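Listed below are the residues making up each chain.
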Amino acid sequence: NERSICRNNYQRTMNTATYESCLDAMQGTPLKRVSQRNAPSSSHHGGPSIDGETPKRGRTPSSRPHGDRFIPQRSAMDLDVSHFELTRSHQNENAGVNASPAKEEYKKELAANLFAGQATNKVLAFKAKAPAAPADHQNSLRVLYTQNREAGLAPKKYSRHIPQAPERILDAPELLDDYYLNLLDWNSSNVLGVALGDSIYLWNASDGSIQQLMQTPGENTHVTSLSWVQEGTYMAVGTSDHKVQIWDVERLKQVRCMSGHRARVSSLSWNGPLLSSGGRDSVIMHHDVRVAEHKVGTLRGHAQEVCGLKWSPSGNQLASGGNDNILNIWDDRYTASSNGVCDQPMFRLDQHQAAVKALAWCPWQRNLLASGGGTADRMIRFWNSSTGAC
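Described below are features of the structure shown in this document. Computed from a predicted structure; not experimentally measured. (Residues numbered from 1 in each chain as written. Predicted model: local features only at pLDDT ≥ 70, side-chain atom pairs only at ≥ 80, totals over all residues. Heavy atoms only, no water.)

### Side note on the nonpolar core
What counts, and what does not: In this text, buried Ala, Val, Leu, Ile, Met, Phe, Trp, Tyr and Cys residues form a nonpolar core when linked through side-chain atoms within 4.5 Å. The rule is simple: take the accessible area with a 1.4 Å probe, protein chains only, and divide by the maximum for that residue type; under 20% is buried, over 50% is exposed, in between is partly exposed. For the purposes of this entry, the term helix denotes a DSSP run of H or I that reaches at least four residues, the term strand denotes a run of E that reaches at least two, and both are numbered from the N terminus. Residues are treated as being in contact if the distance between any of their heavy atoms lies within 4.5 Å.
Ile 200, Leu 202, Leu 213, Met 214, Met 235 and Val 237 are the most contacted members of the largest nonpolar core, which totals 15 residues. Elements represented by at least two residues in this core include exactly β2 (191–196), β3 (199–204), β4 (210–215), β5 (223–228) and β6 (234–239). Among the elements that line this core, the one with the most residues is β5, at three residues. Among residues more than four places away in sequence, those in contact with Met 235 are Gly 193, Ile 200, Leu 202, Leu 213, Leu 226, Ser 227, Trp 228, Gln 245, Ile 246, Trp 247 and Val 249.

Printed below as a string of structure tokens:
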């Protein structure tokens, strides 16, 4: 009977120890229970003890924690960085479209300096950090692993291939050789309008088809400017007989003819339903093509022909360049006049030394204007249209 009782107690003790070992291994913590209560009270192994219990061999606690590969360890994580990665917004979905290489390199260098070169997008870490090296330790492979580290942080040089030969050549007979005229314009439907003498031809870049849109009536008349509306199939045409015409390209039909200039119309620019025209009479006129009394404003700020005209993308500023080497920036102050005439531009800029014809507004940065001067100037200047600074 005593031997049966000892066998049952020994079996119960072994089952308890096995269960505790399994539990400690699952929790990933060392076995911290001291086995003194299970230590043998007698030096005889395998025999019964004085109190009737079978002695058990003492277990040595593990010297290192039992990690679990499926349970992340907090000691290997930067909780602040992990919280930032989880909570930061992703609203800037189109950042990659207009992102510049310089900004991306700046972000990489900033991250490397802030996180000591260990910037990471990992939120959870499943292994402990490597122990830190002694203060006086010298790694013999340091040169091998660090010699190219700065190469990845240096700004990369991006080169753009500029073809030296044209992609396609179009014959343009009777194209007038006049610097002050605007005889080409490309619309959003991939159709190019070209003025050749007294006619306008349309070339569809998608299928290569060509058709004639119009021809000026009368002798010794010709097209001096043309401009597509931003959205739609209408084209404005300026002629040498002081007229501004509106054409429906789909129907190949003229829908309106507007007068007001006293000389040829050499520049045109759309702003929604408002069409602005500049002529050799040094006057800029605003036409509202929706109403019968189309003339709604007159700008007088040039002494010679207005050869450049361009509305800003926002539609609240108009840039005009003339043969008098003047660049003017206009706003809507003409609407405050009783007769719609304005003689004072918002800014009058005279830094160019030749005629100002080339004008372009930045499509993604507000109030940024580029202007180009003629042969005697040979300069492209960038302006802040809100301050007039170059």
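There's plenty left to go through after this.
### Some points on the environment of Asp 198
When you line up the elements, Asp 198 lands in the loop between β2 and β3. Sequence-distant contacts of Asp 198, defined by excluding residues within four places in its chain, comprise Met 214, Gln 215, Thr 216, Thr 221, His 222 and Val 223.

### A few points about the packing of aromatic side chains
The following threshold applies: To pair, rings of Phe, Tyr and Trp, with the six-membered ring standing in for Trp, must have centres within 6.5 Å; the planes then decide the type, stacked if under 30 degrees apart, edge-to-face if over 60, and tilted in the middle. Criterion for a charge above a ring: Lys NZ or Arg CZ within 6 Å of the ring centre, and within 35 degrees of the ring normal.
Under the criterion given, the structure shown has two aromatic pairs. The interplanar angle of 85 degrees and the centroid separation of 5.3 Å between the aromatic rings of Tyr 179 and Tyr 180 together place this pair among those described as edge-to-face. A relative accessible area of 38% places Tyr 179 in the partly exposed class. Taking the centre distance of 6.2 Å and the plane angle of 65 degrees together, the rings of Trp 186 and Trp 203 count as edge-to-face. Here Trp 186 is found in strand β1 (residues 184–186), whereas its partner Trp 203 is found in strand β3, with 17 residues between them in sequence. In this arrangement the basic side chain of Lys 357 is found over the ring face of Tyr 179, its NZ or CZ atom lying 5.3 Å from the centre.

### Digging into the sheet that holds strand β19 (residues 368–373)
Backbone hydrogen bonds hold the strands of a sheet together, and the pairing may be parallel or antiparallel. Keep this limit in mind: At least two DSSP bridges between two strands are required for those strands to pair. Lines fitted to C-alpha atoms define the axes, with helix axes restricted to the stretch in contact, and inter-axis angles between N-to-C directions lie between 0 and 180 degrees.
Reading across from one edge, β18-β19-β20 is the order of the three strands in this open sheet, with antiparallel pairing throughout. The sheet is open, and its two edges are formed by β18 (356–361) and β20 (380–384), each paired on a single side. Strand-to-strand twist across the sheet, computed as the mean angle between neighbouring axes with direction ignored, equals 25 degrees. Examined bridge by bridge, β18 and β19 share five bridges and lie antiparallel to one another. Residue pairing across strands places Ala 358 opposite Gly 372, the latter belonging to β19.

### Description of the pairing of strand β7 (residues 244–248)
It is a general feature of regular strands that their side chains alternate between the two faces of the sheet. Within β7, five of the five residues are buried, which leaves it mostly tucked inside the rest of the structure. One ladder, built from five bridges, connects β6 with β7; its direction is antiparallel. When the sheet's bridge partners are listed, Tyr 234 is paired in β7 with Asp 248. Hairpin remark: β6 followed by β7, antiparallel, with four residues in the connecting loop; positive phi at His 242, about 70 degrees. Across five bridges, the pairing between β7 and strand β8 (residues 253–258) is antiparallel. Following the sheet pairing, Gln 245 is matched in β8 by Cys 257. Hairpin connection between β7 and β8: a loop of four residues separates the two successive antiparallel strands, and Leu 252 in this loop has a positive phi of roughly 55 degrees.

### A look at unusual backbone geometry
Of note in the backbone geometry, Leu 252 takes a positive phi value of approximately 55 degrees without being a glycine. In this fold, Leu 252 is placed in the loop between β7 and β8. Residue classification places Leu 252 among the partly exposed positions, given a relative accessible area of 35%. For Asn 325, which is not a glycine, the phi torsion comes out positive at approximately 70 degrees. Here Asn 325 shows up in the loop between β14 (318–322) and β15 (327–330). The class of Asn 325 is partly exposed, set by a relative accessible area of 24%.

### Some words on the sheet that holds β15
Across the sheet, four strands lie side by side as β13-β14-β15-β17; this open sheet has antiparallel pairing. For this open sheet the edge positions go to β13 (306–311) and β17 (347–349), each flanked by a neighbour on one side alone. If you compare each strand with its neighbour and ignore which way they point, the axes differ by 15 degrees on average. In this structure, β13 lies alongside β14, joined through five bridges in antiparallel fashion. Paired with Trp 311 across the strands is Leu 318, a residue of β14.

### With respect to the pattern of salt bridges
Quick reminder of the rule: In the sections that follow, a salt bridge refers to a side-chain nitrogen of Lys or Arg positioned within 4 Å of a carboxyl oxygen of Asp or Glu.
Going through the model one piece at a time under the given rule, you end up with six salt bridges. One salt bridge in this structure joins Glu 305 and Arg 280, with 3.6 Å as the shortest N-O distance. Note that Glu 305 is positioned in the loop between β12 (295–300) and β13 and Arg 280 in the loop between β10 (274–279) and β11 (283–288), a separation of 25 residues in sequence. Across the pair Asp 288 and Arg 290 runs a salt bridge whose closest N-O atoms are separated by 3.0 Å. Each of Asp 178, Arg 264, Arg 280 and Glu 305 takes part in a single network of salt bridges with overlapping partners.

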